[in-house]
Amino acid sequence: MNTTTRWRKKLLSKASLRALISIIVFLVLWELGSRSKQWLGFSLPWIGQVPAPTAVLNVWEGLLGNLGYWQSWLFSLGRVVGGFLAAMVIGIPLGLLMAVNKRFHDIVFPSFEVLRPIPPLAWVPASIIFWPTTELSIAFVIFLGAFFTVVINVVSGARSIDVRYFQSAQSMGSSQWDIFRRIVLPATMPSIVVGSAVGMGITWEVVVAAEMISGGGAAGSEGGGLGFFIWNSYIGGAYEQIVVGMISIGIAGYACSTAIRSLGGFFTPWLKKR
Amino acid sequence: MNSVLQGSGNTRQIATQGAIRIEEVVKIYDPDGAAVMAVDHCSLDIPAGEICMIVGPSGCGKTTLLNAIAGFHSITSGKIFLDGKLLCGPGKPQADPGSDRIVVFQNGALFPWKTNIDNVAFGPLMQGKMGKKEIYEKARSMMADAGLSGTEQNYPGEVSSGLRRRVEIVRALMNDPKVLLFDEPYRALDSLTKSVMHEALLEIYYKNKVTIFFITHDLEEAIFLGHRMVIMTTRPCRPKKILAVDIPHPRDYSVLTSPRFRELMDETVELVHEEAKKSFAAGEKEG
C-alpha cells in the first residue's frame, strides 16, 4: 500500500469521521451557548459570556497576519523545546546512572525525592530572583517540570529490567559496557518514551503559567509567549483573543505530543508491531 | 521431521565434551537468618551428550542447582565440575557464567528489542570469534534448519510462543555450548504445541552434540526426551531416584503410545506424586 492510499484510507475511516462529528457538535453547542441571549432571551450562566466560535474565528483570522501572535508561538515553543531538551539531556543520563550504580543512587535519590514533589510553579519566584534573566528563569521552571518526570521514569524503567536478560547476556560473553549499551539502554527505552511524553505535557502547563507570572520575558508585551498572550488579552479585555490563545496552546501541545509519540515509536520499533 | 529423526544415529557417543559432575552440593539461602536449605548434599554425574531430565515439583530447589551450574548463584558447599574442570567449589562459591553453558529460561529471555536474527547472532557477536558476515550466515542457516526461515526480521513479540522457544534454542546453540540448561522452557505452552516442541528439540539435539540438563515437572516430557530421569526430593532438593529411560533414540511421538513408555510412567508417577504432595503441604512457591 503506498502512502497516498494509506492516508486516504485513514482520513475516510470511521474513526476520522467520528472525530469530525465530535468537533462539529462541540462547536455547534458552543455557538448556541454563546448566543443563548439571542434565541433564549437570557444568557446561560458562564457559557453565555464566552465569545462564540464564529467571533473567535473572526479575531483569529485577523491575528494570522499579526507578527506578535506568531512570535508568541515561537517564544513558547522555543522555551518548551529548550527546557524539555535540557531535561532529557540531563535527566536520562542521571536516571541511568542512578539505576546502574547503587552507591550513586543511595547518595542522590533522597535529595531528589525531597525536591521532586515541589510543583514547578512553586519554583517560579525563586527562579525569577536567582536567574539573571527572565528568559532563563522561565526555561529553568520548564526544565524542572519535565526533569523529575523523565528521571523517575528512567530510574524505575531501568531498575525493573528482567534479571534473565542480564544473565543471558553475561552467559553469552557480554562485557559490562555491552550490557549497558545492548541491554540496559534498549530495555529502558520504553520508559524513556513514556517519561518524555508525560514530561512534554507538563512543560506546556508550566510554560503558560511561568509566562503569565513573569510578564512575558525579554520580548515584553509584543510576543511574550502564548501564556503571556492570554494574560495580556485578559488585561486588555480582548476576550476573543483569550480563547484564541487557549486553542493555540491546545494545538501546540497536541503537535508536540504527536511528535514525541512518533519519535518514541521510531526508537521502540518492537513495541509498535505487537 | 521424521526423515531427520530416522536419518541420524545415536549421537550420544559422539559428544566428547559437556560432562557435568555435581558433588555433595549444598545450598542454604540466608544462612544467618531463616537458613532455608534448598539443595542438600546433592551428587549427580551427567556424561557428555546425555539428556538428563531433572524431575520435581515446582519449588523443590532444582532451579537452584541450574543457577549454580550456570554461574548465576553461589553454592554453600560442594563442588561442580565441567569436563573435570572445577566450575565452583571451596574458595570459589560461584561459577563464572560462560558461553559453554547456556540457559534456556522458563518464560524465555529473548531480547524483545532485537529481531530474531539479531537475537540469534548476539552471542557470537559478543564473543567476537567470527566476522559479522559469517555470524549472520550461520544464524540464517541454523534458523532455516530449525524451521524458522521467514521469521528472521520479526521481533520475538511478533511470532508465536512456540517459535520463540525455538529461536531461543537456536540462539543458545549459536554459542557452541557444551551444555544446554533448560529451566522448564515449555511450561507455559499448551500440550499440543509442547509435543511439537519436543520433537523439534530432539531433532536439534540429534544434529548438535550437547549435554542437556533439563528441568521439568512434567513426567511425560521427562520420559519422552530423556536418556535418564532424576527424580528429586522436594526442598531440600536431592536425587530420590535415578532411572534410565531405555527407549532407544531417535524417538518420535509414537513413543508415547508404546508399552515401555506406559510402564515407565507407572513406575515414576507415584514417586513424583509423593514429592508433589510434600511440596504442596509446605506451601512452597517456585524459588
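Residues numbered from 1 in each chain as written. Chains lettered and ligands numbered in written order. Predicted model: local features only at pLDDT ≥ 70, side-chain atom pairs only at ≥ 80, totals over all residues.

1. Considering the overall build of chain B
If you tally the helices and strands in chain B, you get eight helices and 10 strands. Taking 287 residues into account, the globule formula puts the C-alpha radius of gyration at 19 Å, and chain B, at 19 Å, falls close to it. In terms of principal-axis extent, the alpha carbons of chain B reach across some 50 × 50 × 35 Å. Classification of the 287 residues of chain B by burial places 48% in the buried group. Considering only contacts in chain B between residues 6 or more positions apart, those separated by 24 or more positions represent 74%. (Helix = DSSP H or I, 4+ residues; strand = E, 2+ residues; numbered from the N terminus. Rg over C-alpha atoms; globule rule 2.2 N^0.38 Å. Buried ≥ 20, exposed ≤ 12 C-beta atoms within 10 Å, placed from the backbone. Contact = placed C-beta atoms within 7 Å.)

2. Brief notes about the nonpolar core
M53, I69, V170, L181, F213 and F214 of chain B are the most contacted members of the largest nonpolar core, which has 85 residues in total. In contact with F214 of chain B, other than residues within four places in its own chain, are I51, C52, M53, I54, F182 and L225 of chain B. Core analysis: the next-biggest nonpolar cluster, separate from the first, contains 46 residues, M88, W123, I192 and V207 of chain A among them. (Core = buried A, V, L, I, M, F, W, Y, C linked by C-beta atoms within 7 Å.)

3. A short note on unusual backbone geometry
Residue and element names in this part refer to chain B. The amide bond that connects H249 to the next residue, P250, takes the cis arrangement and shows omega of -5°. As for its position among the elements, P250 is in the loop between β10 (239–244) and α8 (259–282). The phi dihedral of D83 is positive, around 50°, even though this residue is not glycine. Mapped onto the fold, D83 is located in the loop between β4 (77–82) and β5 (85–88).

4. Topic: the sheet that holds β10 of chain B
All names here are of chain B. The strand order β6-β7-β8-β3-β9-β10 describes an open sheet built from six strands, whose pairing is mixed. Two strands close off the open sheet at either side, each with one partner strand: β6 (101–104) and β10. On average, each strand axis in the sheet is tilted by 15° relative to the strand beside it, whichever way the strands run. Where α8 meets the sheet, it contacts β3 (51–55), β9 (228–232) and β10, and its direction lies at approximately 160° from that of β10. (Pairing = 2+ DSSP bridges. Axes fitted to C-alpha atoms, helices over the stretch in contact; angles between N-to-C directions.)

5. Here we look at the interface of chain A and chain B
Often, the extent of an interface is quoted as the loss of accessible area on bringing the components together. Counting residues at the interface gives 15 residues for chain A, matched by 21 residues for chain B. Elements represented by at least two residues in the side of chain A that touches chain B include exactly α9 (163–171) and α10 (176–214) of chain A. No other element matches the six residues that α9 of chain A contributes to the side of chain A that touches chain B. When the residues that make up the side of chain A that touches chain B are grouped by side-chain class, the tally is five nonpolar, six polar and four charged. (Nonpolar A, V, L, I, M, F, W, Y, C, P; charged D, E, K, R; others polar.)

6. Focus on the packing of helix α4 (residues 53–63) of chain A against helix α12 (residues 239–267) of chain A
Geometrically, a packed helix pair is captured by the angle between its two axes and the distance between the axes. Residues and elements named next belong to chain A. Between α4 and α12, whose axes approach to 9 Å, the crossing angle comes to 80°. When the axes of α4 and α12 are compared, the pair comes out roughly perpendicular. Residues A55, V56, V59, W60 and L63 of α4 touch α12, and the partners they reach there are E240, Q241, V243 and V244. For the contact of α4 with α12, the class distribution of residues is seven nonpolar, one polar and one charged. (Parallel < 35°, antiparallel > 145°, perpendicular 65-115°, else oblique.)

7. Considerations on the domain arrangement of chain A
As assigned here, chain A comprises domain 1 (1–50) and domain 2 (52–272). Measuring from the centre of the C-alpha atoms in domain 1 of chain A to the corresponding centre in domain 2 of chain A gives 30 Å. (Domains from an automatic or database assignment.)

8. Side note on the sheet that holds strand β2 (residues 36–46) of chain B
Residue and element names in this part refer to chain B. As summarised here, the arrangement of the four strands in space is β2-β1-β4-β5, forming an open sheet in which the pairing is antiparallel. Edge strands, defined here as strands with exactly one partner in the open sheet, are β2 and β5. Between one strand axis and the next, the sheet turns by 30° as a mean value, whatever way the strands run. Summarising the sheet, strand β1 (residues 20–29) and β2 pair through seven bridges and their orientation is antiparallel. Within β2, the residue paired with R21 across the bridge is D45.

9. Focus on the confidence of the model for chain B
Residue and element names in this part refer to chain B. When pLDDT is averaged across chain B, the result is 87; 93% of the residues are at 70 or more. Within chain B, no element has a lower average pLDDT than helix α1 (residues 2–7), which sits at 35, and none a higher one than helix α3 (residues 116–127), at 96. Reported for the predicted complex are a pTM of 0.84 and an ipTM of 0.86. (pLDDT = per-residue confidence, 0-100.)

10. Considerations on helix α11 (residues 226–236) of chain A
All names here are of chain A. By the burial criterion, the buried members of α11 are L226, G227, F228, F229, I230, W231 and N232. The secondary structure elements touched by the buried residues of α11 are α5 (67–100), α10 and α12. Backbone geometry just downstream of α11 places G237 in the positive-phi region, at approximately 75°.

11. A short note on the environment of V272 of chain B
Residue and element names in this part refer to chain B. As for its position among the elements, V272 is in helix α8. For V272, a count of 22 C-beta atoms within 10 Å gives the class buried. Linking V272 and P57, residues 215 residues apart in sequence, is a C-alpha distance of 7.5 Å. For V272, the contacting residues outside a window of four places in its chain are V55, L219 and I231.

12. Description of the packing of helix α8 (residues 134–159) of chain A against α10 of chain A
All names here are of chain A. The contact between α8 and α10 brings their axes to 7 Å, and the two run at 155°. If you check the angle between α8 and α10, you find them roughly antiparallel. Relative to α10, α8 is oriented so that their crossing is right-handed. A per-class count over the contact of α8 with α10 returns 17 nonpolar, 14 polar and one charged. (Left-handed = near helix turned anticlockwise from the far one by under 90°.)

13. Points about the pairing of β5 of chain B
Residue and element names in this part refer to chain B. When β4 meets β5, the two strands line up antiparallel, connected through three bridges. By the bridge assignment for β5, L82 is matched with K85. In this structure, the hairpin formed by β4 and β5 is closed by a connection of two residues, where D83 is found at a positive phi of approximately 50°.

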